[in-house]
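If you want the building blocks of each chain, they are given just below.
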Amino acid sequence: MSLSTKMPGLTLKNPVMPASGCFGFGKEYSQFFDLNELGAIIVKAATREARYGNPTPRVAETASGMLNAIGLQNPGVEKIIDEELPFLRQFDTPVIANVAGSTVEEYEHVTKALNRSEDVSALELNISCPNVKEGGVQFGTDPELAKEVTYAVKQASNYPVYVKLSPNVANIIGMAKAVADGGADGISMINTLTGMQINLKQRKPIIANKTGGLSGPAVKPIAIRMIYEVRQALDLPIIGIGGIVTAEDVVEYLLAGANAVAVGTANFQNPLACPEIIQALPDVLNKYGFESVEDAIGKGHEA
Amino acid sequence: MITKQLLQIISHVQIAEDTFEVVLQSSLAKELKPGQFVHIALKNHMLRRPVSVAGIDKENNNFTIIFKIFGEGTRELSQFRAGDALDVILPCGSYYPLDDLQLDHALIVGGGIGVPPLYYLAKTLKEKGVKVTSVLGFQNKDQVFYEEKFQLLGDTHIATNDGSYGSQGFVTDIISGLPDAFDYYFSCGPTPMLKAVTNQLEAHNGYISLEERMGCGVGTCYACVVPSKTDPTKSKKICKDGPVFAANEVLLT
Ligand SMILES: Cc1cc2nc3c(=O)[nH]c(=O)nc-3n(C[C@H](O)[C@H](O)[C@H](O)COP(=O)(O)OP(=O)(O)OC[C@H]3O[C@@H](n4cnc5c(N)ncnc54)[C@H](O)[C@@H]3O)c2cc1C
Ligand SMILES: Cc1cc2nc3c(=O)[nH]c(=O)nc-3n(C[C@H](O)[C@H](O)[C@H](O)COP(=O)(O)O)c2cc1C
Ligand code: FES
């Protein structure tokens, strides 16, 4: 059973990677399992300067999911290149750097800085973080801006660029086409959906930022629908994200048209989520009549 | 090294109103230090629940946690029984740096569900020959637990908010009446209490342990940060750099 899959800049031994923001820079989870087992690793967002992020509480639990408003806290791209990424060199696992910013210039700056790192195989352009006031969200909801920032980053980058789409839009196909026009090598989807939860006793939103991004199994049907639509409309590789907990979830994403997947919130519930999914994947593929990962990709469209 | 284990519950008893003491069997019990916590998975919840270590039994490879029903997760935890198994990540977080401290007399200040980790601390201090004075605050009489156990370790004072037991008022009221003759204070409880205590004891060296809502519990998600006191644009992670901090290390807001 072959689990391998190929995408621009990425030859993956299996299609499973941890999602950005849910795995830090790998160190903590390397205590639980051998990171060589992963298809790739998508690390936490990098911005030009260090960012402190939003006030706490930053997370709340919901039915089948969670809300977060971390606010892209990170030590800044230079520190990430010098102090975080070299640790991942010891593993035979490609690293995807997640690039964030508030202006096109900041995205370009972070992208160019990452060109000097030897530890990166691809970029994931985060134009979809709902938790920062300036930047992030407009880029992910306005097709013109999305195209512009994709183009700028693509020009600046030595690496293939995957653009991470926001689900907080009415027309996901329009957004996918816009970043394709901007030169994206691939798409990753979805980021979190803006949500809110109110504490009855305190009569106020639980998260200090008031709104947060919803993730976890609650968002999976939305992600599957969006990937299915985008796969039908255009021919770019897709990293599928949202609520993946089991190998069955992964196969569902492959059927919808994803070429690989990223696992986010499930890591918090079970630090062994990724290796356990990878281990179960061959049997699940086999059970549903697939000979390999590549064999399953897009098969949900044939009926 | 941090690990995920499936742990058997040896005993599960109620010790005060909505408050439960649970003993768990684990090969890692003896590695759990005062101040550390464990991160517990629950079937009906996406996120784990952090609970402090309240004591260990080295010989028998087990440790104790004490928790109070606060919401749905701790309610689910209250319904387990001896013989059931819990999915636990351990050991988590930092601990009181007892080996590095010159200590003859320690002041322990706990509030409500901040009391359990301090029991393990007080017991460890007593075993090291340190004199322990404890000041414990609870909401009311029905919530008081472990008073006798603390008394066995040293002078113990109880305050309740409504005066239904011990002296009426806050732990800070009791502290103002105590002699100043301790080397370090150690405090755990709700943030408003920690703020009052650290202000009151500003002239002393102290350690506090903090709570914040957690995503991962291991240091990857940045959910649980607290600003650094020396540079408020920088932060510490409560799950990894904490929950124990030197009192002058973090900014309580
Ligand atoms: C390091 C640490 C040690 C702790 N030790 C103890 C202990 O020894 N005994 C004890 O009774 N309690 C302890 N707590 C608090 C305990 O974790 C919360 O009461 C519990 O998570 C509440 O969960 P719930 O589902 O009952 O409440 P809900 O309100 O339904 O929980 C919803 C979400 O909020 C989180 N949450 C709610 N309150 C808190 C809180 N005060 N701190 C952190 N997360 C919270 C939950 O984990 C969950 O993600 C500790 C917290 C931390 C951070
Ligand atoms: C705590 C947290 C932090 C996140 N941080 C980032 C981030 O820095 N960059 C990013 O592109 N996505 C970030 N995300 C979004 C995830 O990568 C993922 O797209 C989303 O959570 C949906 O997947 P899931 O349901 O498997 O968690 C974050 C999500 C969570 C829960
Ligand atoms: S809870 Fe994730 S970093 Fe502390």
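Residues numbered from 1 in each chain as written. Chains lettered and ligands numbered in written order. Predicted model: local features only at pLDDT ≥ 70, side-chain atom pairs only at ≥ 80, totals over all residues. Heavy atoms only, no water.

1. Notes on the site of ligand 2
All names here are of chain A. Looking at ligand 2, there are 22 residues lining it, with Ser20, Lys164, Gly216, Gly243 and Thr265 nearest. When isolated, ligand 2 has an accessible area of 610 Å², and the protein chains bury 98% of it. Counted by class, the shell around ligand 2 contains seven nonpolar, 13 polar and two charged residues. (Near = heavy atom within 4 Å. Areas by Shrake-Rupley, 256 points an atom, 1.4 Å probe, with all protein chains shown as cover. Nonpolar A, V, L, I, M, F, W, Y, C, P; charged D, E, K, R; others polar.)

2. Points about the interface of chain B and chain A
With 29 residues of chain B at the interface, the matching set in chain A holds 32 residues. Both faces considered, chain B and chain A share a buried interface measuring about 2600 Å² in area, 61% of it formed by carbon and sulfur atoms. The largest contributions to the chain B side of the interface with chain A come from B:Met46, B:Thr220 and B:Tyr222, which together make up 30% of the buried area. Between the two partners, chain B and chain A, sit two salt bridges. Note that B:Lys240 and A:Glu28 form a salt bridge whose closest N and O atoms lie 2.6 Å from each other. Of all the secondary-structure elements, those providing two or more residues to the side of chain B that touches chain A are strand 1 (3-16) and strand 13 (225-227) of chain B. Counting residues per element, the side of chain B that touches chain A draws most heavily on strand 13 of chain B, at three residues. Tallied by class, residues from the side of chain B that touches chain A come to 15 nonpolar, seven polar and seven charged. (Contact = heavy atoms within 4.5 Å. Buried area = accessible area lost by both parts, 1.4 Å probe. Salt bridge = Lys/Arg side-chain N within 4 Å of Asp/Glu carboxyl O. Helix = DSSP H or I, 4+ residues; strand = E, 2+ residues; numbered from the N terminus.)

3. What to know about the pattern of salt bridges
All names here are of chain B. Counted by the stated rule, this structure contains 16 salt bridges over all chains. We note a salt bridge from Arg48 to Asp87, for which the minimum N-O separation is 3.0 Å. Taken as a pair, Arg48 in the loop between strand 3 (37-41) and strand 4 (49-57) and Asp87 in strand 6 (residues 85-92) lie far apart in primary sequence, 39 residues in all. Summarising the burial analysis for this pair, Arg48 and Asp87 share the class buried. A salt bridge links Lys234 to Asp231; the shortest N-O distance between them is 3.2 Å. (Buried < 20%, exposed > 50% of the residue type's maximum accessible area, 1.4 Å probe, protein only.)

4. Some points on the site of ligand 1
Residue and element names in this part refer to chain B. Close to ligand 1 lie 21 residues; Pro50, Thr74, Ile113, Glu211 and Arg213 are nearest. One of the side-chain nitrogen or oxygen atoms of Glu211 is found 2.7 Å away from a nitrogen atom of ligand 1. Contact with the protein chains removes 89% of the 830 Å² of surface that ligand 1 exposes when unbound. Of all the secondary-structure elements, those providing two or more residues to the shell around ligand 1 are strand 4, strand 5 (62-68) and helix 1 (72-78). (Polar contact = N/O pair within 3.5 Å; in protein donor to acceptor, adjacent residues only side chain to side chain.)

5. Some details on the confidence of the model for chain B
Summary statistics for chain B give a mean pLDDT of 96 and a share of 100% for residues scoring 70 or more. The ipTM value of the predicted complex is 0.94, and its pTM value is 0.96. (pLDDT = per-residue confidence, 0-100.)

6. Looking at the UniProt feature "binding site: [2Fe-2S] cluster" (unreviewed entry) in chain B
Residues and elements named next belong to chain B. The UniProt record marks Cys216, Cys221, Cys224 and Cys239 with the feature "binding site: [2Fe-2S] cluster" (unreviewed entry), using the residue numbering of this structure. Taken along the chain, the residues just named run across 24 residues; in space they keep tight, none of their C-alpha pairs more than 10.1 Å apart. Summarising the element assignment, Cys216 is placed in the loop between strand 12 (205-209) and strand 13. Note on placement: Cys239 falls in the loop between strand 14 (235-237) and strand 15 (244-246). (UniProt positions renumbered as here; feature names shortened; annotations may be inferred.)

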